[in-house]
Number of protein chains: 2
Amino acid sequence: MNTYPDSILKLIQSLSTLPGIGRKTAERLALHILHAPLHEARTLAADILELKEKVKLCRNCFALSDGDKCRICANPNRDSKIICVVENPADMVAIEKAGVFKGHYHILGGALSPMDGIGPDEIRLKELFKRVHAQKKSHKKENCAEKKAEKEACVNEVIIATGTDVEGESTASYIYQNLKDYNITVSRIASGVPMGGDLQYVDQVTMQRAMEGRHGF
Amino acid sequence: MNTYPDSILKLIQSLSTLPGIGRKTAERLALHILHAPLHEARTLAADILELKEKVKLCRNCFALSDGDKCRICANPNRDSKIICVVENPADMVAIEKAGVFKGHYHILGGALSPMDGIGPDEIRLKELFKRVHAQKKSHKKENCAEKKAEKEACVNEVIIATGTDVEGESTASYIYQNLKDYNITVSRIASGVPMGGDLQYVDQVTMQRAMEGRHGF
């Protein structure tokens, strides 16, 4: 494999470290970049550097953001009283694509997994409870609905949209246990047969959930 | 899709222009780069720029090279008397990987394709004939074997390893027509059933070639 010049071999090596990119694909990408116009290669390199430099976490919901607040938290049309809890930014994007949720998010940055040493302190659970807690205290002092400013900050529903694997389920359960005494609705996204799916390929646990969660027309 | 910050969207856009990288993969790669250590992202960006800056074509065989001459042309252990003609650098790498060829290469940079407006002047055929021609003239003046210096530069075999599609075949035929009067061997790589392949999946033309090219044990 020392047929290519060093500079190509170096790029192939760098590209191979990306997920899902093997040696062959890296070779093809490197040769494409080599033959692409110079400005395209420069844009790609600049975009990589800009990404690392600019992207921060939203100080409110911990979503990826170019500024202090993400687009969703900064959008006055979004309902800050509903928080949807997800494991990571990609999950948030999946929910946004569906276009049915108009509230705010809370990105945990993972799920509870004692086997991997990930306990409640390793993900952003404290921050979630703090966002809800602020509202609970104000409830004790006076009726939340009375003060306009405080009403705006109220959380009245937490939708738990962590994964449906063991880690996601136990994280959901942990959050529920911690929030059930609050004067808010805590819900979990529905599990069941995926739309457009063929029933014969649905696994047992999903089918069980679909039957348990059956509803009237 | 305006859920991601601008700098992530820009990188996703740039990555999507690469071959075989769709929107989804670009998204995954961008998020990977985002979470990767800073030095890895910097290395990747630097390698892209270095590639565009450093890689040239070997002035002898037109292979990709960091300097004036590629590794193969610069290697005194390679036999400069045998030239293997390929369409592009990736084909050369495939042959090098097999490890059976110890001569020099000539990279055409494509194949004849009148439909796409690629005629003999659009690929490096003139340069190939010039490499062989230099030897033909010296033959007329004096016996090539007599002068050590000239003998070194002699080409005594041209192996045509262009593709086995219509374009590759017609390019091979064109080269053969132009070289057959020279005092050299002109050969074409063998076509037939791929090793390890199942006969039932071999296409008709390949099978025809395999039968025509049958040989004794």
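In this text the structure is predicted, and so the values were computed from the model without any measurement.

## Considerations on the pairing of strand E6 (residues 185–188) of chain A
All names here are of chain A.
- Of the pairings in the sheet, the one linking strand E5 (residues 157–160) to E6 comprises 4 bridges and is parallel in character. Bridge pairing in E6 links Val158 to Val186.
- Read as a crossover between parallel neighbours, the route from E5 over helix H8 (residues 166–179) to E6 is right-handed.

## Comments concerning the relation of the copies chain B and chain A
- Overlaying chain B with chain A gives an RMSD of 0.1 Å, the required rotation being 180° about an axis along which the chain moves by 0.1 Å. Within this description, the copies of the chain are treated as partners about a two-fold rotation axis. In terms of C-alpha distance to the rotation axis, chain B has Ala45 of chain B as its closest residue, with the C-alpha 2.2 Å off the axis.
- Looking at the interface residues of chain B, 100% of them are also at the interface in chain A, so both copies use one shared face.

## So, the UniProt feature "zinc finger region: C4-type" (unreviewed entry) in chain A
- Under the feature "zinc finger region: C4-type" (unreviewed entry), the UniProt entry names residues 58–73 of chain A.
- Along residues 58–73 of chain A, the helical share is 19% and the strand share 12%, with 8 Å between the first and last C-alpha atoms.

## Considering the pairing of strand E3 (residues 79–86) of chain A
- In the sheet, E3 of chain A pairs with strand E4 (residues 103–107) of chain A via 5 bridges, with the strands oriented parallel. The residue of E4 of chain A that forms the bridge with Asp79 of chain A is Gly103 of chain A.

## Some words on the sheet that holds strand E4 (residues 103–107) of chain B
Residues and elements named next belong to chain B.
- If you walk across this open sheet you meet the 4 strands as E4-E3-E5-E6, and the pairing is parallel. Looking along the sheet, the strands with just one partner apiece sit at the ends: E4 and strand E6 (185–188). Each strand of the sheet is rotated relative to its neighbour by a mean of 25°, with strand direction disregarded.
- Where helix H5 (residues 89–98) meets the sheet, its contacts fall on strand E3 (79–86) and E4, and the angle it forms with E4 comes to roughly 160°.
- Each of E3, strand E5 (157–160) and E6 touches helix H8 (residues 166–179); the most contacted strand, E6, lies at about 170° to it.

## Things to note about the packing of helix H1 (residues 6–16) of chain A against helix H3 (residues 38–54) of chain B
- The geometry of H1 of chain A relative to H3 of chain B is characterised by a closest axis approach of 9 Å and an angle of 155° between their N-to-C directions. The pairing of H1 of chain A with H3 of chain B is recorded here as roughly antiparallel in orientation. The interaxial crossing formed by H1 of chain A with H3 of chain B has left-handed handedness. Taken together, the residues of H3 of chain B that come into contact with H1 of chain A (itself represented by Ser7, Ile8, Lys10, Leu11, Ser14 and Leu15 of chain A) are Thr43, Leu44, Asp47, Ile48, Glu50, Leu51 and Lys54 of chain B.
- Here the contact of H1 of chain A with H3 of chain B is composed, by residue class, of 6 nonpolar, 3 polar and 4 charged.

## Comments concerning unusual backbone geometry
All names here are of chain A.
- The backbone of Phe62 shows a phi angle near 70°, a positive value even though the residue is not glycine.
- Checked against the element boundaries, Phe62 lands in the loop between strand E1 (56–57) and strand E2 (64–65).
- The class of Phe62 is buried, set by a relative accessible area of 16%.

## Brief notes about the sheet that holds E4 of chain A
Residue and element names in this part refer to chain A.
- Strand order in the open sheet formed by 4 strands is E4-E3-E5-E6, and the pairing between neighbours is parallel. Each edge of the sheet is formed by a strand with only one pairing partner; in this case those strands are E4 and E6. Going across the sheet, the axis of each strand differs from the next one's by a mean of 25°, ignoring polarity.
- Running at roughly 160° to E4, helix H5 (residues 89–98) makes contact with E3 and E4 of the sheet.
- Strand contacts of H8: E3, E5 and E6, with the helix running at about 170° to E6, the strand carrying the most contacts.

## Observations concerning the nonpolar core
- Counting 44 residues, the largest nonpolar core has Ile8 and Ile48 of chain A together with Ile8 and Ile48 of chain B as its most contacted members.
- Those elements that provide at least two residues to this core are H1, helix H2 (23–35) and helix H3 (38–54) of chain A together with helix H1 (6–16), helix H2 (23–35) and H3 of chain B.
- The contacts of Ile48 of chain A, once residues within four sequence positions are left out, are Leu11, Ile33, Ala41, Leu44, Ala45 and Ile48 of chain B.

## Focus on the packing of aromatic side chains
Residues and elements named next belong to chain A.
- Under the defined criterion, the tally for this structure stands at 4 aromatic pairs over all chains.
- With a centroid separation of 5.1 Å and 70° between ring planes, the pair formed by Phe101 and Tyr105 is classed as edge-to-face. Judged on exposure class, the residue Phe101 and its partner Tyr105 are both buried.
- Judged by centre distance (6.4 Å) and plane angle (35°), the ring pair of Phe129 and Tyr174 falls under tilted. Of this pair, Phe129 sits in helix H6 (residues 125–141) while Tyr174 is found in helix H8, placing the two residues 45 residues apart along the sequence.
- On the accessibility criterion, Phe129 (14% relative accessible area) is buried.

## As for the interface of chain B and chain A
- The partner chain A presents 54 residues to the 54 residues of chain B that form the contact.
- Here chain B meets chain A over a buried area of about 4900 Å², counting both sides, of which 69% is carbon and sulfur.
- Area buried by chain B at its contact with chain A is led by Leu51, Lys52 and Arg71 of chain B, which between them contribute 14% of it.
- A salt bridge links Arg71 of chain A to Asp6 of chain B; the nearest nitrogen and oxygen atoms lie 2.7 Å apart.

## With respect to the side chain of Ser7 of chain A
- Inspection of the secondary structure assignment puts Ser7 of chain A in helix H1.
- Here Ser7 of chain A falls in the buried class, since its relative accessible area comes to 1%.
- A polar atom in the side chain of Ser7 of chain A sits 2.6 Å from the side chain of Asp66 of chain B.
- Apart from residues no more than four positions distant in its own chain, Ser7 of chain A is found in contact with Glu50, Leu51, Lys54, Val55 and Asp66 of chain B.

What counts as what
- Residues numbered from 1 in each chain as written.
- Chains lettered and ligands numbered in written order.
- Predicted model: local features only at pLDDT ≥ 70, side-chain atom pairs only at ≥ 80, totals over all residues.
- Heavy atoms only, no water.
- Pairing = 2+ DSSP bridges.
- Helix = DSSP H or I, 4+ residues; strand = E, 2+ residues; numbered from the N terminus.
- Right-handed = clockwise from strand over helix to strand, strands pointing away.
- Least-squares fit on C-alpha atoms with pLDDT ≥ 70 in both.
- Contact = heavy atoms within 4.5 Å.
- UniProt positions renumbered as here; feature names shortened; annotations may be inferred.
- Axes fitted to C-alpha atoms, helices over the stretch in contact; angles between N-to-C directions.
- Parallel < 35°, antiparallel > 145°, perpendicular 65-115°, else oblique.
- Left-handed = near helix turned anticlockwise from the far one by under 90°.
- Nonpolar A, V, L, I, M, F, W, Y, C, P; charged D, E, K, R; others polar.
- Buried < 20%, exposed > 50% of the residue type's maximum accessible area, 1.4 Å probe, protein only.
- Core = buried A, V, L, I, M, F, W, Y, C linked by side-chain atoms within 4.5 Å.
- Phe/Tyr/Trp six-rings, centres within 6.5 Å; stacked < 30°, edge-to-face > 60°.
- Buried area = accessible area lost by both parts, 1.4 Å probe.
- Salt bridge = Lys/Arg side-chain N within 4 Å of Asp/Glu carboxyl O.
- Polar contact = N/O pair within 3.5 Å; in protein donor to acceptor, adjacent residues only side chain to side chain.

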